[in-house]
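An overview of the molecular structure
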Amino acid sequence: MEAIILAGGFGTRLRPFTFTRAKSLLPIINEPMIAHLIKTLPKKVDTVILAVNYRREQIEEYFCKHDFGKTIIVNEEPEPLGTGGAVKFADKHIVGSFFVLNADIICSLNLAEMLRFHEKKKAVATISLWPVENVSEFGVVDIRKDGTITKFVEKPKAEDAPSDLINAGAYLLEPQVLNYIEPGKLISMEKQIFPQIIQNTGRFFGYKFQGHWMDVGRISSYISVHKLLLEKQKKTFITGDQCTIQGILRQSCAGNRVSVGKNTTVESSVLFDEVTIGENVTLDHCVIGEHVSIGDGSVLRNVAVGDNERVQDGTVLDNVVVWNQPIPQGYPSKQIGNVIGE
Ligand code: GDD
Ligand code: MG
């Protein structure tokens, strides 16, 4: 069985970290986001198709070095084709029912149970569902008691949302769904394809689950997901290999070869590999990129510091992104991909 992982797109809401790396390679508790996802795949899935474009070579390199016991196919689109276009672009690798997974979700969904549900319902498509308070950044469904979805609206205004149940970003599809997608075009699965399947087949189902769910689409949720996973592991902090920590870490995570000086407090923050933090520093709700140094006596709150940046001694920053290097060529100034026609 195959699983397509949608790992393209620029991840613009996670800049500056996505200026230098693919969104799916962002570390979560010191392991790339995509590795967490692949570990949740059922045994039955023996082939993983990575639908990628931006920074394809980094993803390929990662999977050359790490074995997950599954065949990994790196399927690079010539240009971003959107969530629907990327699925269609993988169709030569699909032989039967297949999963499609957004790469930026951390959750407790049991995909094997979802598969059983899908088979029992004889569904053409099953999507995972999660309740949220503020639905307007997501796909929202109208659902009957038996699980049939009768309506799917992508990113509706709050007043137009049919319910509080959102698309949690994991789909189980029958190959016939591929017939609905025109090849080689920028197509949104959520906006253009799901509504057609609902209308034409009447066999579009929703699968609710318990536990936790988080979209790691922006810096704030990136910090929150670390807090959630630390809590689940009953830890107040995690550090990688060869770290020298003289200060205090609270609800924070540090990568490999990180040093934190005396009288420094790191709170609700994530430090990538090879970060050096001086003495008497306060970091609160910060994400600090690879190879960054933060000078003595600095105070940073709600700050994202991109890879390789240097923050001078005594710097005070609040609610900013630190990035003094060129923005990579072709990197969009606005979000593209899933948001089409907005
Ligand atoms: N290969 C490829 N090509 N992947 C893409 C492209 C593309 O052109 N565009 C986006 N992706 C990938 C992203 O990397 C992400 O893993 C996934 O497709 C979804 O795109 P996002 O840009 O993250 O969409 P979103 O977060 O605004 O909304 C989606 O996720 C929500 C749940 O988090 C939608 O599926 C919503 O309906 C859903 O509720
Ligand atoms: Mg997303």
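The rules we used
Note that residues are indexed from 1 along each chain, following the sequence as it is written. Throughout, the order in which chains and ligands are written sets their labels, letters from A for the former and numbers from 1 for the latter. Local features in this predicted model are restricted to residues of pLDDT 70 or higher, and side-chain atom pairs are both shown and tallied only at a pLDDT of 80 or more, whereas totals for entire chains, interfaces and linings draw on every residue. To get the side-chain values, take all heavy atoms of the structure and skip hydrogens and water. The way it works is that DSSP assigns letters per residue, a run of H or I at least four long becomes a helix, a run of E at least two long becomes a strand, and they are numbered from the N terminus. Atoms considered for the radius of gyration are the C-alpha atoms alone. The globule rule reads 2.2 Å times the number of residues to the power 0.38. Categorising residues by exposure relies on relative accessible area from a 1.4 Å probe, with only protein chains included: less than 20% of the type maximum marks a residue as buried, more than 50% marks it as exposed, and the intermediate range marks it as partly exposed. The contact rule is simple, with two residues in contact once any of their heavy atoms fall within 4.5 Å. Only the protein chains shown count as cover for residues, and all accessible areas are computed by the Shrake-Rupley method using a 1.4 Å probe. His residues and chain termini do not enter the charge count, which takes Lys and Arg as positive and Asp and Glu as negative. We put the charge of a Lys on NZ, of an Arg on CZ, of an Asp on CG and of a Glu on CD. Residues are counted as near a molecule or strand when any one of their heavy atoms sits within 4 Å of it. Any pair of N or O atoms that falls within 3.5 Å is considered a polar contact. Within protein, one atom must be able to donate a hydrogen and the other to accept it, and sequence-neighbouring residues count only if both atoms are side-chain atoms. When residues are sorted by character, Ala, Val, Leu, Ile, Met, Phe, Trp, Tyr, Cys and Pro go into the nonpolar class, Asp, Glu, Lys and Arg into the charged class, and all the rest, Gly among them, into the polar class. Two strands qualify as a pair provided that DSSP identifies no fewer than 2 bridges between them. Axes here mean lines fitted to C-alpha atoms, for a helix over just the part in contact, with angles spanning 0 to 180 degrees between N-to-C directions. Here, a salt bridge means any Lys or Arg side-chain nitrogen found within 4 Å of an Asp or Glu carboxyl oxygen.

On a plain count of helices and strands, the protein chain comes out with seven helices and 29 strands. Its C-alpha radius of gyration of 21 Å places the protein chain within 12% of the 20 Å reference for a compact globule of 342 residues. Viewed in the frame of its principal axes, the protein chain has a C-alpha envelope of about 65 × 40 × 40 Å. The buried share of the protein chain, reckoned over its 342 residues, is 53%. Taking the contacts inside the protein chain whose residues are at least 6 apart along the sequence as the reference set, 55% of them involve residues at least 24 apart. As displayed, the protein chain has an accessible area near 15,400 Å², and 46% of this comes from carbon and sulfur atoms. The average position of the 37 basic charges and that of the 40 acidic charges among the side chains of the protein chain differ by 5 Å.

Taken together, 31 residues form the shell around ligand 1, and within it G8, E77, E154, N167 and E190 come nearest. Within the side chain of N53, an N or O atom sits 3.2 Å from a nitrogen atom of ligand 1. Contact between ligand 1 and D104: an oxygen atom at 2.9 Å from a side-chain N or O atom of the residue. Calculation on ligand 1 without its partners gives an accessible area of 740 Å², and the protein chains cover 98% of this total. For the shell around ligand 1, the secondary-structure elements that each account for two or more residues are β4 (47-52), α4 (82-88), β10 (149-154), β11 (165-173) and β13 (213-215). When residues in the shell around ligand 1 are grouped by element, the largest group, three residues, is from α4. Residues of the shell around ligand 1, tallied by class, amount to twelve nonpolar, eleven polar and eight charged.

For the rest of this paragraph, the subject is the sheet that holds strand β28 (residues 316-318). With parallel pairing, the five strands of this open sheet are ordered in space as β16-β19-β22-β25-β28. Two strands in the sheet have a free side with no partner beyond their single neighbour: β16 (248-250) and β28. Averaged over neighbouring strand pairs, the angle between their axes works out to 5 degrees when direction is ignored. Note that strand β19 (residues 265-267) and strand β22 (residues 282-284) share three bridges and pair parallel. When the sheet's bridge partners are listed, E267 is paired in β22 with D284.

Let us now look at the pattern of salt bridges. A complete count under the given rule lists 15 salt bridges for this structure. One salt bridge in this structure joins D91 and K88, with 3.7 Å as the shortest N-O distance. Looking at K88, the relative accessible area reads 14%, which means it is buried. Put simply, E267 and R250 hold a salt bridge, and the shortest N to O gap is 2.8 Å. Here R250 lies in strand β16 and E267 lies in strand β19, a separation of 17 residues in the sequence. It is possible to trace a salt-bridge network through shared partners that takes in R21, E290 and D307.

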